[in-house]
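# Examining the three-dimensional arrangement
The chain contents come next:
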Amino acid sequence: MDVAEAVERLGKGQPVAIPTETVYGLAADASQPAAVARVFELKGRPADHPLIVHLGDASWATSWGHLPPPFDSLAQRFWPGPLTLVVPRLDWVDPLITGGQSTVALRVPRHPLALQVLQRLGRGLVAPSANRFGHTSPTTAQHVRDEFGEEVAVLDGGPCLVGVESTILDLSGPRPRILRPGQLSRADLEAVVGELDQLVGEVPRVPGSLDRHYAPRTFTRLGGGEQPPPGRWGWLGFSPRGASHEVIVPANATDYAQRLYSALRELDRAGLEIILVEPPPQTPEWEAVWDRLRRATRS
Ligand code: TXA
Ligand code: MG
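Cut-off values and rules
Residues numbered from 1 in each chain as written. Chains lettered and ligands numbered in written order. Predicted model: local features only at pLDDT ≥ 70, side-chain atom pairs only at ≥ 80, totals over all residues. Heavy atoms only, no water. Core = buried A, V, L, I, M, F, W, Y, C linked by side-chain atoms within 4.5 Å. Buried < 20%, exposed > 50% of the residue type's maximum accessible area, 1.4 Å probe, protein only. Helix = DSSP H or I, 4+ residues; strand = E, 2+ residues; numbered from the N terminus. Contact = heavy atoms within 4.5 Å. Domains from an automatic or database assignment. Buried area = accessible area lost by both parts, 1.4 Å probe. Polar contact = N/O pair within 3.5 Å; in protein donor to acceptor, adjacent residues only side chain to side chain. Pairing = 2+ DSSP bridges. Axes fitted to C-alpha atoms, helices over the stretch in contact; angles between N-to-C directions. Salt bridge = Lys/Arg side-chain N within 4 Å of Asp/Glu carboxyl O.

This paragraph deals with the nonpolar core. If you look at the biggest cluster of nonpolar residues, it comprises 60 residues, and the most contacted ones within it are Val53, Trp64, Leu83, Leu106, Val126 and Leu169. Ranked by residue count, the leading element in this core is helix α5 (residues 112-121), at 6 residues. Here Leu83 is in contact with Leu74, Phe78, Leu106, Arg107, Ser166, Thr167, Leu169, Leu184 and Leu189, once residues within four sequence places are set aside. By size, the runner-up hydrophobic cluster in this structure holds 25 residues, among which are Val247, Val249, Ala257 and Tyr261.

As structure tokens, then:
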């Protein structure tokens, strides 16, 4: 499928998977309620979990939300890019998109194919990560095919460069606060808007904040592998440990994040009894990785 076909399908109300710089999204025309409903159905996503509206340009945001003061400086600095801004919604916005909330989440993605699709269609797209609800997010076109098979056409834009979902910043309260950590860090955002609220990801309506999310199907836990578990085991770590199947990941947080979901998917496919994940350093640049690892693992 090329950009023209993706735009044609979207215009007809059919969801298609598109690449973004973070993860692949299951896109549908945000202005067509039946198309949005189909996305919930395909993902198996509960109706009270809101979707992000993707825009072709920051100027489109005025059609969706009331934009509080820090909005313009954030959009100017970070869009297109892996930042989602939550703002009070306009009245016309479909409650299915917002999970019945009074706010709407907006983002302008940076992937050139996503931008082409948005600009040719000329309307906002909902685009949750293109995985079944609760499962690991896709960072390649093949990952999307592994999730949905023939049911969803994929626009192949290569492997995603960021690899974890956008940072979500809530601008609807008295002070901006991070609802989901991502590649853009607290420090990056504070450089533009001043000090953020300290709370992170403690808002119930963010599915990323459910405990079991981004999860492989194989039992996966954090551990150093000093005592190899019995049976066939997998290892996701910074150096080899002699496991039945190993994925060695880069030691810097940016490259690690880019590899994380494909590493989890590769290990999940290997028919293992358990996957051990070596805990990364406990420093701020690893915050987004830690957030995903905590949700992907059990103790
Ligand atoms: O990087 C991303 O953001 C990717 C790519 C495809 O753009 N999309 C993505 O969508 O991660 P999804 O649906 O998997 O996650 C959307 C997150 C959820 O945690 C949802 O609760 C939150 O955004 N969200 C959406 N609208 C919200 C709102 N009005 N208030 C608070 N959180 C909201
Ligand atoms: Mg998701």
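Picking up after the structure, the text goes on.
Moving on, we come to the domain arrangement of the chain. You can read the domains of the chain as domain 1 (3-193) and domain 2 (220-296). Each of domain 1 and domain 2 has a C-alpha centre, and the two are 27 Å apart. Each partner contributes residues to the interface: domain 1 has 21 residues there, and domain 2 has 13 residues. It is Thr136, Val164 and Pro181 that lose the most area in domain 1 upon contact with domain 2, and together they represent 37% of the buried surface on that side.

Once that is clear, we can look at the side chain of His49. As for its position among the elements, His49 is in the loop between α2 (33-43) and β3 (52-54). By relative accessible area, which is 8% here, His49 ends up buried. Within the local environment of His49, its side chain forms a polar contact with the side chain of Asp48, the two groups lying 3.4 Å apart.

Strand order in the open sheet made by the 4 strands is β9-β12-β10-β11, with parallel pairing throughout. Two strands in the sheet have a free side with no partner beyond their single neighbour: β9 (220-222) and β11 (245-248). Each neighbouring strand pair of the sheet contributes to a mean axis angle of 20 degrees, computed without reference to strand direction. With respect to the sheet, helix α8 (residues 253-268) is in contact with β10 (233-237), β11 and β12 (274-277), its orientation differing from that of β11 by roughly 175 degrees.

Another aspect to go through is the sheet that holds strand β1 (residues 16-18). Reading across the sheet, the 8 strands line up as β1-β2-β6-β3-β5-β4-β7-β8 and stay open at both edges, with mixed pairing between neighbours. Pairing within the sheet leaves two strands with one partner each, and these edge strands are β1 and β8 (177-180). Sitting on the sheet, α2 touches β2 (25-29) and β6 (125-126), and the angle it makes with β2 is about 155 degrees.

So, on to the pattern of salt bridges. Tallied over the entire structure, the rule returns 15 salt bridges. Note that Glu5 and Arg9 form a salt bridge whose closest N and O atoms lie 3.0 Å from each other. Placement of both Glu5 and Arg9 in helix α1 (residues 3-11) is noted, with a separation of 4 residues, approximately one turn of the helix. On the basis of relative accessible area, Glu5 is assigned to the partly exposed category, the value being 30%.

On to α5. Within an α-helix, residues lying three or four positions from one another point in the same direction, as the helix has 3.6 residues per turn. Of all the residues in α5, the buried ones are Leu113, Ala114, Leu115, Val117, Leu118 and Leu121. Of the surrounding elements, those touching the buried residues of α5 are α1, β1, β3 and β6. Of the residues trailing α5, Gly122 is marked for its positive phi of about 75 degrees.

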